[in-house]
Amino acid sequence: MLRFSPYSDLKQFQQRPYSVRYYDRYGMLLQITPVDEGHSMNRGLRRERHDEIPQQVKDVFIIAEDKRFYSHPGIDSLALLRALQQNITGGRRVSGASTITMQLARIISNNPHSNRRQGAGQKIAEMFNALRLETRFSKDEILEMYLNSLPFGFNTEGVTSAARTFFSSEISMLSGAQLFCLAVVPRRPSFYSPLDNPQNCLIAASFLQTKFADNKIMSKKWPLFIQIDERDFEFALESARRFQYPFELPHLIRLINSQVLSSGSQINEMFLSIDLALQRYLENTIAGNINLFYSSRVTNGSAIVIDNETGEILAWVGSADFFNEYDAGQIDGVLALNQPGSSMKPFLYAMALEKGFFPSDVIADVPMTFGEIEVYFPQNFNNRFNGPVLFRASLASSLNIPAVYLLYRLGVRNYTQHLLSLGFDSVEHSAHDAGLGLALGNSPVSLLELVRAFSVFPRDGIYIPLTWQMTDNSNHTESYRVYSADTARLICSLLSDSSARVLAFGSGRNFRTAFPAIFKTGTANQYQNIVALGATMKYSAGVWMGNFTGETVLDRTGSSIPAAIVRDTLNILHRAHSHADDFPVPQDWRVRQICAVSGMDPSHACISIINEYIHPDETRRVCTWHQIINGRIETIYPAEYQSWFTASLRQGSVDYSSRPLEIINPRSGFVYLSNRGIGINEIPVEVIGGDGSILHVTHNNTSFSVSRPFTFFLPFEMGVNILHVQNGYEEQTITFTVE
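Residues numbered from 1 in each chain as written. Predicted model: local features only at pLDDT ≥ 70, side-chain atom pairs only at ≥ 80, totals over all residues. Heavy atoms only, no water.

Undergrad: Would you explain the nonpolar core in this entry?
TA: Soluble globular proteins tend to bury their nonpolar side chains together. With 91 residues, the main nonpolar core has Ile304, Phe347 and Phe424 as its most contacted residues. For this core, the leading source of residues is helix H16 (residues 345-354), giving seven residues. In this view, Phe347 contacts Tyr415, His418, Leu419, Leu422, Phe424, Leu450, Ala453, Phe454, Phe457 and Tyr483; residues no more than four positions away in its chain are not counted. (Core = buried A, V, L, I, M, F, W, Y, C linked by side-chain atoms within 4.5 Å. Buried < 20%, exposed > 50% of the residue type's maximum accessible area, 1.4 Å probe, protein only. Helix = DSSP H or I, 4+ residues; strand = E, 2+ residues; numbered from the N terminus. Contact = heavy atoms within 4.5 Å.)

Given below as structure tokens:
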């Protein structure tokens with residue numbers, strides 16, 4: 001009947017969590033987490049099975065607490081009678097008679113220290129529960145639960161946790177004298193602590209050792225314990241050291257532990273994929289650079305490194321200093337959403353390749369306007385225009401205008417869906433507001449999302465989820481293809497091409513490695529966020545630096561700092577673990593010579609020739625931009641380059657008739673706000689193409705003519721404006737509004 005009686009406290013006790021031990025991939029202890037979020041209780045490090053607890057530990061605690069444990073049914077009648085007699089004789093409570101089973105019943109009822117002032121009703125309930133425990137469990141099971149949950153004070157439960165707390169040791173490594181010292185602590189933890197009151201502990205432990213020696217069974221079983229003398233106890237107390245629990249990877253383990261606790265899983269230990277040596281290197285490097293550039297408002301940094309083959313996370317640095325409350329150190333910069341700037345551009349260019357663009361395509365880096373009601377006028381980071389730029393150089397040199405042009409052609413909605421397929425869940429609700437600015441990384445994403453997506457390129461276009469546990473790379477059930485293998489390989493070719501970066505980054509010292517590697521950097525919000533990504537065939541790494549307060553970084557520190565950290569991290573990984581393989585070449589593409597200016601097949605007039613990947617389906621033409629006129633090589637640019645060409649002195653000319661007549665600016669539907677109050681009262685107009693040299697213009701009721709190049713200004717006229725242009729037989733009409 002007792003066996004099947006309801007016992008809700010027992011059920012809750014059996015379901016309570018234990019501390020989790022986290023190790024790195026090489027078995028280095030990272031953290032021992034508390035049992036509950038926000039509390040510091042270390043419970044048993046892990047729940048030791050009965051056969052895992054050393055026998056001498058069990059015997060010492062049995063003698064200390066309940067020498068007839070294996071012979072009574074949960075209540076020791078002889079001990080009760082002795083205690084009653086002593087209490088009556090002494091006129092007060094001299095001793096109790098709680099057995100190990102009764103103490104366990106008290107712990108289960110969540111009242112482990114109530115024996116000092118226990119009423120008769122509570123004592124009877126405790127005895128009743130002890131009998132119920134004895135009918136449900138074997139003696140060994142009861143002893144296991146007791147030793148795993150015995151409170152030692154100092155936020156410590158269980159003998160394994162206590163061995164670390166007081167002696168910085170595993171329970172199996174304690175000497176006999178240390179074990180006797182440990183066994184007396186639960187009686188009055190602060191009074192008998194070997195750390196705080198070693199003399200009290202020595203007296204009680206010596207008395208327990210004498211009691212142990214007087215037991216014939218124990219003295220025969222453990223003869224060395226009988227030989228322990230005062231010097232052994234003094235040495236044991238001198239060896240008492242409070243264990244310094246490691247606190248590595250605070251951000252990542254906090255994330256993992258919250259998931260473990262919320263899932264209700266009974267996990268005692270977990271081996272993470274983390275490389276602790278790499279983790280500490282990145283922590284120290286980021287902290288050191290934060291100290292160097294703190295005056296520039298670079299107050300925080302984060303980093304993540306992954307294994308491309310397995311998706312294993314090798315390092316996770318959430319901030320420069322977890323305990324720095326002033327700079328919000330407990331915010332996890334790996335998960336925080338920040339504008340990534342140009343570090344997003346590789347995904348846009350990869351999508352463009354998938355949609356029919358070619359590496360030999362030339363994109364005009366000239367003044368462009370986009371939009372309708374909200375006019376978007378992108379500019380490069382150096383406020384310069386580079387004219388015709390090859391697709392390769394546009395990405396490698398991170399030019400803004402070509403990127404916005406590509407997004408305009410591909411469509412914001414299509415690109416948003418593409419980013420979602422890469423795991424950028426954070427853009428789902430912000431991409432619409434970012435609009436074409438999405439090409440320049442104006443939609444906040446996390447560093448985790450960035451590095452995970454960037455690793456798709458050295459993986460031949462395959463997306464795999466990341467994991468913080470060591471895994472077998474042969475079975476990625478959640479993997480899927482995002483890009484064709486050739487597209488991914490082309491992006492690796494573009495991002496590893498040091499010569500293509502010269503336009504914007506010069507020699508690019510921070511990108512120099514002795515092995516093949518790809519890099520991409522980005523800055524956003526006036527340098528508030530500085531990001532660098534890097535990858536080899538084996539590893540991918542990302543570093544963010546800036547601040548969590550939204551302040552502008554001073555002195556234009558740029559992305560060179562995180563880029564150098566990423567580069568050095570890849571150097572360390574390949575020096576320590578493996579060599580770096582070459583990126584594979586695209587299978588369906590062939591390297592051919594092209595004109596470095598037009599991207600066409602070179603003619604005898606082309607003097608700048610480079611190699612580029614050409615697809616068999618690509619329509620090729622011999623370069624028409626370079627011609628020999630009167631014995632001299634002349635460069636003749638298409639009509640769309642007229643504003644760039646006339647902005648400064650350049651060699652060559654513009655073939656104005658190479659394009660149909662088109663009003664480039666303003667676009668139909670533009671809405672302008674009147675700025676007469678601040679002296680801006682004109683609208684710039686640019687028209688390209690057409691066969692004739694004279695453009696006839698009608699603006700509302702006013703007509704006039706302009707000659708090449710067709711650039712001029714219109715006055716602000718409130719309301720709807722109609723602009724009509726005519727050149728020869730070609731004409732165009734647009735409307736725009738001034739409010």
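Having seen the structure, we can now continue with the description.
Undergrad: Help me understand the environment of Arg481 in this model?
TA: Counting through the fold element by element, Arg481 comes out in strand S14 (residues 480-481). For Arg481, a relative accessible area of 49% corresponds to the partly exposed category. Sequence-wise, Arg481 and Ile462 are 19 residues apart; in three dimensions their C-alpha atoms are separated by 4.4 Å. For Arg481, the residues in contact, after removing those within four places along its chain, are Asp460, Gly461 and Ile462. In this structure the side chain of Arg481 is engaged in a polar contact, spanning 2.8 Å, whose partner is the backbone oxygen of Tyr483. (Polar contact = N/O pair within 3.5 Å; in protein donor to acceptor, adjacent residues only side chain to side chain.)

Undergrad: Would you explain helix H19 (residues 412-421) in this entry?
TA: One turn of an α-helix holds 3.6 residues; hence residues three or four places apart share an orientation. Here H19 has its buried residues at Tyr415, Thr416, His418 and Leu419. The arc that holds the buried residues of H19, viewed along the axis, is 160°, so those residues lie on one side. The exposed residues of H19 that point more than 90 degrees off its buried face are Arg413 and Gln417. Those residues of H19 that are buried lie in contact with H16, helix H18 (400-410) and helix H20 (431-434). Gly423 sits one or two positions beyond H19 and adopts a positive phi of about 95°. (Arc of directions from axis to C-beta.)

Undergrad: What should I look at first to understand the sheet that holds strand S8 (residues 313-317) in this one?
TA: The pairing of strands in a sheet happens through backbone hydrogen bonds and is either parallel or antiparallel. Spatially, S8-S7-S17-S16-S15 is the arrangement adopted by the five strands of the open sheet, whose pairing is antiparallel. The sheet is open, and its two edges are formed by S8 and strand S15 (518-524), each paired on a single side. Across this sheet, the average inter-strand angle for adjacent strands is 10°, counted without regard to direction. By the bridge criterion, eight bridges tie strand S7 (residues 300-307) to strand S17 (residues 539-546) in an arrangement that is antiparallel. What sits directly across from Ile306, in S17, is Ser540. (Pairing = 2+ DSSP bridges. Axes fitted to C-alpha atoms, helices over the stretch in contact; angles between N-to-C directions.)

Undergrad: Explanation requested: the packing of helix H10 (residues 198-214) against helix H13 (residues 230-238) in the structure shown.
TA: For any two helices packed against each other, the geometry comes down to the angle between their axes and how far apart the axes lie. One way to put it is that H10 packs onto H13 with a least axis distance of 10 Å and a crossing angle of 135°. Here H10 lies oblique to H13, going by the angle between them. Where H10 crosses over H13, the handedness of that crossing is right-handed. Of the residues in H13, those touching H10 at Pro198, Cys201, Leu202, Ala205, Ser206 and Gln209 are Phe233, Glu234 and Leu237. Broken down by class, the residue content of the contact of H10 with H13 amounts to six nonpolar, two polar and one charged. (Parallel < 35°, antiparallel > 145°, perpendicular 65-115°, else oblique. Left-handed = near helix turned anticlockwise from the far one by under 90°. Nonpolar A, V, L, I, M, F, W, Y, C, P; charged D, E, K, R; others polar.)

Undergrad: Whenever I open this one, the side chain of Thr285 confuses me. Can you help?
TA: You can see Thr285 is positioned in helix H15 (residues 276-293). Residue Thr285 is classed as buried on the basis of its relative accessible area, which comes to 17%. Here Tyr281 takes part through its backbone oxygen, which lies 2.8 Å from a polar atom of the side chain of Thr285.

Undergrad: Whenever I open this one, H10 confuses me. Can you help?
TA: A rise of 1.5 Å per residue sets the reference length of H10, with its 17 residues, at 24 Å; its end C-alpha atoms lie 24 Å apart and thus fit the reference within 8%. Listing the buried residues of H10 in full gives Cys201, Leu202, Ala204, Ala205, Leu208, Gln209 and Phe212. Against helix H2 (55-65), helix H8 (176-184), helix H9 (189-192), helix H11 (216-221), helix H12 (223-226) and H13 lie the buried residues of H10. (Expected span 1.5 Å × (residues − 1).)

Undergrad: I keep staring at the pairing of S17 and nothing clicks. Help me out?
TA: Sheet faces and side chains relate simply in a regular strand, where the side chains alternate between the two faces. Here S17 lies mainly inside the structure; eight of its eight residues are buried. Neither face of S17 is exposed, since Tyr539, Ala541, Val543 and Met545 on one face and Ser540, Gly542, Trp544 and Gly546 on the opposite face are all buried. Across seven bridges, strand S16 (residues 529-535) lies against S17 in antiparallel orientation. Counted as the bridge partner of Val531 is Trp544 from S17. The antiparallel pairing of S16 with S17 creates a hairpin that spans three residues between the two strands.

Undergrad: Would you take a moment to explain the packing of helix H4 (residues 100-108) against helix H6 (residues 139-149) for this structure?
TA: Look at H4 against H6: their axes get within 10 Å of each other, and the N-to-C directions meet at 50°. Looking at the two axes, H4 sits oblique to H6. The hand of the H4/H6 crossing is left-handed. Seen from H4, the contacting residues are Ile100, Thr101, Gln103, Leu104 and Ile107; seen from H6, they are Lys139, Ile142, Leu143, Met145, Tyr146 and Ser149. For the contact of H4 with H6, the class distribution of residues is seven nonpolar, three polar and one charged.

Note that all results are geometric; they support no functional claim without further evidence.
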